[in-house]
Amino acid sequence: MIRVCNLRKVFDENVVLDGINLEINKGEIVVILGPSGSGKSTLLRCLNCMEDPTSGNIFFHDVDIADMKVDINVHRQKIGMVFQHFNLFKNKTVLQNMTLAPVYVAKKKARKARLRKLFGKSYNAEDIRSLKEINAAAKETAIELLSRVGLQEKADVYPSTLSGGQQQRVAIVRALCMKPDVMLFDEPTSALDPEMVGEVLDVMRSLAQEGMTMVVVTHEMGFAREVASRVLFIDEGKVLEDGTPKEVFDTPKHPRLQQFLQKIL
Amino acid sequence: MFYVKVICMGNFGRKIEIFLEYMIANNGYKMVLEGLKNTAIIAVLGLFIGIVIGTLIAAVRVSPKYKFIVRFLNAVCSIYVSFFRGTPIVVQLLLFYYVLFPLIGMNITSVNVSVLVFGLNSGAYISEIMRGGILSVDRGQMEGGRAMGLSFSATMMKIVIPQAIKNIIPTMGNEFIALIKETSVVSFVGATDLYKAFNTAGTNSYEFMVPYLAMAVIYIIMVLLISLLIKIIERRLRKSDKSL
Ligand SMILES: Nc1ncnc2c1ncn2[C@@H]1O[C@H](COP(=O)(O)OP(=O)(O)O)[C@@H](O)[C@H]1O
Ligand SMILES: [Mg+2]
């Protein structure tokens, strides 16, 4: 689903990613480990071009999205991202947070289809929907997802009134509203109080069970061991180890990884 | 000493009489109302135009500078801002009224030219305020929007700018007050504002003391009313949305 070829990312003089090659297949749950500052976030952010690669290619469904000529927004709509600090829209309610992007995209599609119809070109009849239909559909999806994470009563409150764990659960279902093909998580539990980590990991676990493709940067070793189908260890800008959780945790080969695991466990 | 004071007071009473007679009997109040109306029109429309222009400029100035068009617009905006912040507003008024519009062969009333110039001028100042407001919004808000596939401009319009506006409402209030006070120069191009109305009253009644005093009082009342309004708006915003 995602293929990374020879990805390099340089900030000023600082070589953060130095030739990363990586393939992520449908249904895989890939956990990325690495010391702080090793470029885990940078790698994750390159996957949806939140950071533009210095060189190399990122293929998403066989389209090179690192190419500046592609409309990156269209592709990002199918790549969900969850941040360490949630990044919920502060001026929108929980429900508005969740419906904003789906409504925006559907409106754009409807406008385009109507124009194509007007000029006698081929168009997708399903795209032509009234604003009312679009809003209703987005709301229905949002409420359904919200109730799945047990937050349906919070639909009309502002994010700042929620706890960290609740905010992160909203952030996850907000991303799911776009029906993404893959979800990226950048240390989703690092900013949470310890007692809230579990509720967020539970949501991620159930997402994994439903077969969502996931790429997760985390320091939760228990989660990695239990849920991951693959674990990557990156340091010095390279993927130093890539294997099943069993291989990586029980028989680490690279001395760097051995050191890292010793420090963490 | 006491005697002198009484004479002055008596004198002052007479001046008030002259003023009131001119205002009421000679229909001087009509010009004052006209002046008040024009002052309000120039300040309010000027502020409105300024907010629109200022927001657009600020958005250009914080945009990523990959594309040539953005760099070009950015250069245009910076020339614009330096011109309007770097010259006195009277000079700008005179330039537009006596140079620019005659050159392009357009007829424009002095009130309209004032609205335009005050709009363009406050646009330059508001762009700086708005830029500060946008930069004060957490970067994560833009990232959250972009990661969902919203464009830069859509995220700016729906997420970042609404939050920026909340942050800068007190500063915008001050800008509006400054604008009202500065409108007192529009008579340079012949527009009838408060100053012109009271100045005319003084000229026609050969008596300036009371008209200018009355003028100052009206300006102060306007400014106090607006300050009050801003306070109410601020309190409303804080109450209706605890998130900011
Ligand atoms: N926007 C940026 N500008 C300059 N340097 C950056 C930027 N983002 C990250 N870096 C640098 O890249 C390196 C890797 O950062 P990051 O990917 O955040 O590491 P990790 O997530 O593994 O802790 C760090 O040395 C950091 O200072
Ligand atoms: Mg990081």
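Use the structure listed above.
Summarised in this report is the structure supplied together with it. (Residues numbered from 1 in each chain as written. Chains lettered and ligands numbered in written order. Predicted model: local features only at pLDDT ≥ 70, side-chain atom pairs only at ≥ 80, totals over all residues. Heavy atoms only, no water.)

Moving on, we get to the overall build of chain A. Along the backbone of chain A there are 9 helices and 10 strands. Taken over C-alpha atoms, the radius of gyration comes to 20 Å for chain A, in line with the 18 Å a tight globule of 265 residues would show. In terms of overall dimensions, chain A has a C-alpha envelope of 65 × 40 × 35 Å along the principal axes. Across the 265 residues that make up chain A, the buried fraction comes to 53%. Within chain A, contacts between residues at least 6 apart in sequence are counted, and of these 66% link residues at least 24 apart. Positive and negative side-chain charges in chain A, numbering 36 and 34 respectively, have mean positions lying 8 Å apart. (Helix = DSSP H or I, 4+ residues; strand = E, 2+ residues; numbered from the N terminus. Rg over C-alpha atoms; globule rule 2.2 N^0.38 Å. Buried < 20%, exposed > 50% of the residue type's maximum accessible area, 1.4 Å probe, protein only. Contact = heavy atoms within 4.5 Å. Lys, Arg positive; Asp, Glu negative; His and termini not counted. Charge placed at Lys NZ, Arg CZ, Asp CG, Glu CD.)

Bringing the environment of A:Ala110 into the picture now. All names here are of chain A. Here alanine 110 shows up in helix 3 (residues 94-118). Among the residues examined, alanine 110 registers a relative accessible area of 2% and is labelled buried. Along the backbone, alanine 110 and aspartate 242 are 132 residues apart, and their C-alpha atoms lie at a distance of 43 Å. Apart from the residues lying within four places of it in its own chain, the contact partners of alanine 110 are Asp127, Arg129 and Ile134.

At the interface, 24 residues of chain B touch 26 residues of chain A. Roughly 2100 Å² of surface becomes buried between chain B and chain A when both sides are summed, with 59% attributable to carbon and sulfur atoms. On the surface where chain B and chain A come into contact, there are 1 salt bridge. Between A:Arg45 and B:Glu143 there is a salt bridge, and its shortest N-O distance comes to 2.8 Å. Joining chain B to chain A, the criterion identifies 10 residue pairs in polar contact (both at pLDDT 80 or more). Contributing elements (two or more residues each) for the side of chain B that touches chain A: helix 6 (139-147) and helix 7 (152-182) of chain B. Residue contributions to the side of chain B that touches chain A peak at 8 residues, all from helix 6 of chain B. (Buried area = accessible area lost by both parts, 1.4 Å probe. Salt bridge = Lys/Arg side-chain N within 4 Å of Asp/Glu carboxyl O. Polar contact = N/O pair within 3.5 Å; in protein donor to acceptor, adjacent residues only side chain to side chain.)

It is worth spelling out the site of ligand 1 at this point. All names here are of chain A. Every residue near ligand 1 is listed here: Phe11, Asn14, Val16, Pro35, Ser36, Gly37, Ser38, Gly39, Lys40, Ser41 and Thr42. Contact between ligand 1 and lysine 40: an oxygen atom at 2.8 Å from a main-chain N or O atom of the residue. Threonine 42 is positioned such that a nitrogen or oxygen atom in its side chain is 2.5 Å from an oxygen atom of ligand 1. Coverage of ligand 1 by the protein chains reaches 60% of its 560 Å² of free accessible surface. Sorting the residues of the shell around ligand 1 by element identifies strand 2 (14-24) and helix 1 (40-47) as the ones contributing at least two each. At 3 residues, helix 1 tops the list of elements feeding residues into the shell around ligand 1. Among the residues making up the shell around ligand 1, the classes are represented as 3 nonpolar, 7 polar and 1 charged. (Near = heavy atom within 4 Å. Areas by Shrake-Rupley, 256 points an atom, 1.4 Å probe, with all protein chains shown as cover. Nonpolar A, V, L, I, M, F, W, Y, C, P; charged D, E, K, R; others polar.)

Attention now goes to empty space enclosed by the protein. Across all of its chains, the model carries 1 cavity of 30 Å³ or more by this definition. Approximately 80 Å³ is the volume found for the largest cavity. Around the largest cavity sit 13 residues that line it, and A:Gly80, A:Met81, A:Ala175, B:Ala147 and B:Met148 are the ones nearest its centre. Those elements that provide at least two residues to the lining of the largest cavity are strand 6 (79-82) and helix 5 (164-176) of chain A together with helix 6 of chain B. Here the lining of the largest cavity takes 3 residues from strand 6 of chain A, the largest share from any one element. (1 Å grid on protein atoms, 1.4 Å probe; cavity = no way out; pocket = protein on both sides within 12 Å on 5 of 7 lines; lining within 4 Å. Points joined across faces, edges and corners; volume = space filled by probe spheres on them.)

Residues and elements named next belong to chain A. Bridge count between strand 1 (residues 2-11) and strand 2: 8 bridges; the pairing is antiparallel. By the bridge assignment for strand 2, arginine 8 is matched with aspartate 18. Remark: 2 residues form the turn of the hairpin made by strand 1 and strand 2, two consecutive strands paired antiparallel; aspartate 12 in that turn has positive phi of roughly 50°. (Pairing = 2+ DSSP bridges.)

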